[in-house]
Amino acid sequence: MIEINHLTKRYGRFTAVDDISFSVGKGQVVGFLGPNGAGKTTTLRILTGYLPATRGAASIDGHDIFRDSIKARRKIGYMPENVPLYDEMRVKEYLKFRAQLKGVRGSKITSSINEVLDTCGLVHMKKRMIKTLSKGYRQRVGLADALIHKPDLLVLDEPTNGLDPNQIRSIRKLIKRLGESHTVLLSTHILSEVEMIADHVIIIDGGKVKASDTPTNLTTSMRTAGKISVEIHGGEAEIMSQAIQKLEHVKKVIPSTIEGEDQWLNLDIFCDSGTDSRERIANLATQEDWSIRSLHRHKATLEDVFVEMTRKD
Ligand SMILES: Nc1ncnc2c1ncn2[C@@H]1O[C@H](COP(=O)(O)OP(=O)(O)OP(=O)(O)O)[C@@H](O)[C@H]1O
Ligand SMILES: [Mg+2]
């Protein structure tokens, strides 16, 4: 659906996007991540035909975005970072204006408007002036605008930016539902959001692609993937740590806080990634007559991956 080949964008001497290539298959929901200034918006604006590239090519469903721009753009529903809405228009009126601008004709205009109002939960807001809408509803209008010409591909630049947790949830649910029938390229800083809705993740930093994989592959390849925390009691801290350290696949044991007066000890146990030593730890405790009140194996999150891939120190 999307092919990006050796795309470069320079603003004067500054290279915002530096020779990036990736592709997105039909039906995929892809999270496009990166720190502030990484080049996400620049890439998305080039991909949607709003900004010329300095070098390289981008195509949508086989249509080159520069040479075959009209056909390519017809396939795309783009929701920009700051949705430019006309404050003095009513929601329905605005969507009609946008539909006409995007080449929707005749009786299809009304049916498309009704469909997107319904999809985006805007039916009861259709007569409201845009300037009276809350941020969440403005975002919905932006999404409705992106959908109005029935594109196959949705390109969403931080659609939940600035929303409260409830509104984030409902927009996320909406995007998830749209992902069932669209290809979606979604830029966001909310990593839990990506974990919930994306089946592929691309991380960029400094204009370069740092990682491109499924969320599961990214998180299981992380170092923190092999950490177990245990709350244990019944022996000397040093002795318990050393005994656990000798277990198979255990690389390092680090005692952390001791809680309360009854001397419970927290141990962070770093293991080979892809292994699970919880049962061996429990068996050892039984054998030594130690008590365990929690035994937890940590899974790395996408946030861990993001920080690892993009940190500057
Ligand atoms: N018109 C412009 N002229 C000069 N530099 C620009 C221009 N637009 C963007 N940049 C620079 O290009 C880099 C990439 O910007 P871009 O907006 O693509 O980042 P982003 O990944 O979308 O960041 P954010 O998460 O903050 O939205 C930044 O350093 C930015 O300052
Ligand atoms: Mg941006």
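Residues numbered from 1 in each chain as written. Chains lettered and ligands numbered in written order. Predicted model: local features only at pLDDT ≥ 70, side-chain atom pairs only at ≥ 80, totals over all residues.

Chemist: How should the overall build of the protein chain be read in this particular structure?
Modeler: Helix and strand counts for the protein chain stand at 11 helices and 14 strands. What you see for the protein chain is a C-alpha radius of gyration of 25 Å, clearly larger than the 20 Å of a compact globule of 313 residues, by over 25%. The principal-axis extents of the C-alpha atoms in the protein chain amount to approximately 80 × 45 × 30 Å. The buried share of the protein chain, reckoned over its 313 residues, is 36%. For the protein chain, contacts bridging at least 24 residues in sequence account for 68% of all contacts bridging at least 6. (Helix = DSSP H or I, 4+ residues; strand = E, 2+ residues; numbered from the N terminus. Rg over C-alpha atoms; globule rule 2.2 N^0.38 Å. Buried ≥ 20, exposed ≤ 12 C-beta atoms within 10 Å, placed from the backbone. Contact = placed C-beta atoms within 7 Å.)

Chemist: How do you make sense of the packing of helix α3 (residues 91-101) against helix α5 (residues 135-147) when you look at a structure like this?
Modeler: Helix packing geometry: the angle between the two helix axes and the distance between the axes. Running from N to C, α3 and α5 cross one another at 30 degrees; their axes reach a closest spacing of 9 Å. What the angle tells us is that α3 and α5 run roughly parallel. With respect to the hand of their crossing, α3 and α5 are arranged in right-handed fashion. Every residue of α5 that contacts α3 at V91, Y94, L95 and R98 is listed here: V141, A144 and D145. Its residues assigned to classes, the contact of α3 with α5 comprises five nonpolar, no polar and two charged. (Axes fitted to C-alpha atoms, helices over the stretch in contact; angles between N-to-C directions. Parallel < 35°, antiparallel > 145°, perpendicular 65-115°, else oblique. Left-handed = near helix turned anticlockwise from the far one by under 90°. Nonpolar A, V, L, I, M, F, W, Y, C, P; charged D, E, K, R; others polar.)

Chemist: What am I meant to see in the site of ligand 1 here?
Modeler: Residues in contact with ligand 1, as listed here, are Y11, F14, A16, G34, N36, G37, A38, G39, K40, T41, T42 and E81. Of all the elements in the fold, those that place two or more residues in the shell around ligand 1 are β2 (14-24) and α1 (40-47). With three residues, the top contributor of residues to the shell around ligand 1 is α1. Grouping the constituent residues of the shell around ligand 1 by class yields four nonpolar, six polar and two charged. (Near = placed C-beta within 6 Å.)

Chemist: When you look at unusual backbone geometry in this model, what are you seeing that I'm missing?
Modeler: Glycine aside, residues mostly have negative phi angles, and peptide bonds mostly take the trans form. In the Ramachandran plot, D19 falls in the positive-phi region, its phi being about 55 degrees despite a non-glycine side chain. Turning to its location among the elements, D19 is positioned in strand β2. Backbone geometry places D61, a non-glycine residue, at a positive phi of 50 degrees. As for its placement among the helices and strands, D61 is situated in the loop between β4 (55-60) and β5 (63-64).

Chemist: How do you make sense of the nonpolar core when you look at a structure like this?
Modeler: Note on soluble globular proteins: their nonpolar side chains tend to be buried together. With 64 residues, the main nonpolar core has V30, A144, V155 and V184 as its most contacted residues. Counting residues per element, this core draws most heavily on α5, at five residues. For V184, the residues in contact, after removing those within four places along its chain, are V29, V30, L154, L156, I175, L178 and G179. Grouped together as the second largest cluster of nonpolar side chains are 14 residues, I228, V250, L265 and W290 included. (Core = buried A, V, L, I, M, F, W, Y, C linked by C-beta atoms within 7 Å.)

Chemist: Got a minute to help me understand the confidence of the model for the protein chain in this structure?
Modeler: When pLDDT drops low, the exact placement of atoms in the prediction is not to be read closely. Put simply, the protein chain has an average pLDDT of 91, and 97% of its residues get 70 or more. Strand β12 (residues 250-259) is the least confidently modelled element of the protein chain, averaging 83 in pLDDT, while strand β7 (residues 153-157) averages 97, the highest of any element. (pLDDT = per-residue confidence, 0-100.)

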